[in-house]
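# Report on the structure
Here's the letter readout for the chains.
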Amino acid sequence: MGRPRQWLRAVYRTRSPLITQIADGEVPPDGPTGCADFTGSISCPAVVVNMLHHLDPQPGERILEIGTGTGYNTPLLAERVGAVNVTSIEIDETLAERAATAPHAPGPAPHLVVGEGEEGYPPGAWYDRMISTAAVRQVPQVWIDQVRPGGVILTPLDSPFQCDGLALLVADGYGGANGAFVGAVDFMTTRGQREPRSYAELGWPTWAEHRVTVEEGRQRVRAES
Ligand SMILES: C[S@@+](CC[C@H](N)C(=O)[O-])C[C@H]1O[C@@H](n2cnc3c(N)ncnc32)[C@H](O)[C@@H]1O
């Protein structure tokens, strides 16, 4: 592969995600893409950094990452908390195999699991922090149950605001979690939650049924409070 500098510049563009899989791998990497869905990617570096900033992992904490993807984010987590404290789960076997060959620091490697991340990973619970790099329409109850009381869940949550809200939740230890949106992102949805669902059914206010901009949403919330 010639021109390494150009490749590096192309790959590490701050605001450009890289698509790594189309239609769950049914479309080969060289296309044709047509209107097939993108099902694997690495988020743009700006989003990776922003999510790690909000997750705020501390040395020695136990982390579960949902959506290993390319395996880029996983060693960043490992560098911070120690590889033995990181479990990362990926539903797609091919992507998971590829991620397992991604470089990591000498010494122990993070624990990579192939499986359904919507079920979390019970053998490693309780986690101090959980990060999902795939969006959900509804936060799975088991995620909350697998985080220790006071532990954190950071996940893109499908919203009526024409983007995913980056939800930062703190588990209350009684099966609930509270938090806020700390940003706006755009992620692919977990395999099990791809099917659109009515926002009313998901617990959003009824006006949310018609997608609105973030500003319109803010105004509605202000008017109702
Ligand atoms: C945006 S990519 C993840 C990027 C990744 N963190 C990285 O550093 O490359 C989303 C990933 O979530 C995976 N995924 C989707 N649904 C999943 C599920 N239910 N459980 C685990 N992984 C899932 C997809 O296969 C895809 O690899």
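Residues numbered from 1 in each chain as written. Predicted model: local features only at pLDDT ≥ 70, side-chain atom pairs only at ≥ 80, totals over all residues. Heavy atoms only, no water.

## Quick notes on unusual backbone geometry
To keep things clear, this is the line we draw: Secondary structure counts use DSSP, requiring at least four H or I residues in a row for a helix and at least two E residues in a row for a strand, with both numbered from the N terminus. When accessible area is computed with a 1.4 Å probe and restricted to protein chains, residues below 20% of their type maximum are described as buried, those above 50% as exposed, and intermediate ones as partly exposed.
With an omega of 5 degrees, the peptide bond between Gly 31 and Pro 32 qualifies as cis. Note that Pro 32 resides in the loop between strand 1 (18-22) and strand 2 (38-42). Residue Trp 126 is bonded to the preceding Ala 125 through a cis peptide linkage, with omega at 0 degrees. Tracing the backbone shows Trp 126 in the loop between strand 5 (111-114) and strand 6 (127-132). You will see that Asp 24, though not glycine, has its phi angle at about 55 degrees, which is positive. The topology assignment puts Asp 24 in the loop between strand 1 and strand 2. Accessibility expressed as a relative area gives 29% for Asp 24, which makes it partly exposed. Located in the positive-phi region is Gln 162, a residue other than glycine, with phi close to 65 degrees.

## Looking at the site of the ligand
Test applied: Any residue with a heavy atom positioned within 4 Å of a molecule or strand is treated as near that molecule or strand. Two N or O atoms form a polar contact when they lie within 3.5 Å of each other; inside protein one atom must be a possible hydrogen donor and the other a possible acceptor, and for residues adjacent in sequence the pair counts only when both atoms belong to side chains. We get accessible surface area from the Shrake-Rupley algorithm with a probe of 1.4 Å; when it comes to residues, only the shown protein chains can shield them.
Residues in close proximity to the ligand total 23 residues, the closest being Gly 67, Thr 70, Glu 90, Glu 116 and Gly 117. The contact in question runs from a nitrogen atom of the ligand to an N or O atom on the backbone of Ile 91, over 3.2 Å. The contact in question runs from a nitrogen atom of the ligand to an N or O atom on the side chain of Glu 116, over 2.6 Å. Contact with the protein chains covers 98% of the free accessible surface of the ligand, which is 610 Å². Residue contributions to the shell around the ligand peak at three residues, all from strand 2.

## Considering the pattern of salt bridges
Where we set the bar: Here a salt bridge means any side-chain nitrogen of Lys or Arg lying within 4 Å of a carboxyl oxygen belonging to Asp or Glu.
Applying the stated rule across the entire model yields nine salt bridges. The closest approach of N and O atoms between Asp 128 and Arg 148, which form a salt bridge, is 2.6 Å. Of this pair, Asp 128 sits in strand 6 while Arg 148 is found in strand 7 (residues 147-158), placing the two residues 20 residues apart along the sequence. By relative accessible area, Arg 148 is classed as partly exposed at 26%. The partner of Arg 218 in a salt bridge is Glu 215, with the nearest N and O atoms 3.2 Å apart. With Arg 218 and Glu 215 both in helix 6 (residues 214-224) and three residues apart, the pair spans about one turn of that helix. Relative accessible area serves as the criterion here: at 37%, Glu 215 is assigned to the partly exposed category. One continuous salt-bridge network, built from bridges that share partners, spans Asp 24, Asp 92, Arg 191 and Arg 194.

## Looking at the packing of helix 2 (residues 45-55) against helix 3 (residues 73-81)
Counted only if it meets this: Every axis in this analysis is a line fitted to C-alpha atoms, fitted for helices over the stretch in contact. Angles between the N-to-C directions lie between 0 and 180 degrees. Note on convention: the crossing is left-handed when the near helix lies turned anticlockwise from the far helix by less than a right angle, right-handed when the turn is clockwise. Here a residue-residue contact requires only that any non-hydrogen atoms of the pair lie within 4.5 Å.
Taken N-terminus to C-terminus, the directions of helix 2 and helix 3 make an angle of 35 degrees; their axes are 12 Å apart at the nearest point. Remark: the crossing between helix 2 and helix 3 carries right-handed chirality. For the pair helix 2 and helix 3, contact is made by Val 48, Leu 52 and Leu 55 and by Asn 73, Leu 76 and Leu 77, respectively.

## Regarding the sheet that holds strand 5
How we decide: Paired strands are those between which DSSP finds at least two bridges.
On the basis of which strands lie adjacent, the open sheet formed by seven strands has the order 5-4-3-6-7-8-9 and mixed pairing. Edge strands, defined here as strands with exactly one partner in the open sheet, are strand 5 and strand 9 (177-185). The average angle at which neighbouring strand axes cross in this sheet is 15 degrees, direction not considered. Relative to strand 9, strand 8 (residues 164-171) runs antiparallel, the two being bridged by seven bridges. Across the sheet, Ala 167 pairs through a bridge with Phe 181, a residue of strand 9. Across the sheet, helix 4 (residues 93-100) is in contact with strand 4 (86-90) and strand 5; its angle to strand 5 comes to roughly 165 degrees.

## Notes on the pairing of strand 5
Where we set the bar: Here the term right-handed applies to a crossover when the path leading from its first strand over the helix to its second strand runs clockwise, the strands being oriented away from the viewer.
Summarising the sheet, strand 4 and strand 5 pair through four bridges and their orientation is parallel. Following the sheet pairing, Ser 88 is matched in strand 5 by Leu 112. Traced from strand 4 through helix 4 to strand 5, the parallel crossover comes out right-handed.

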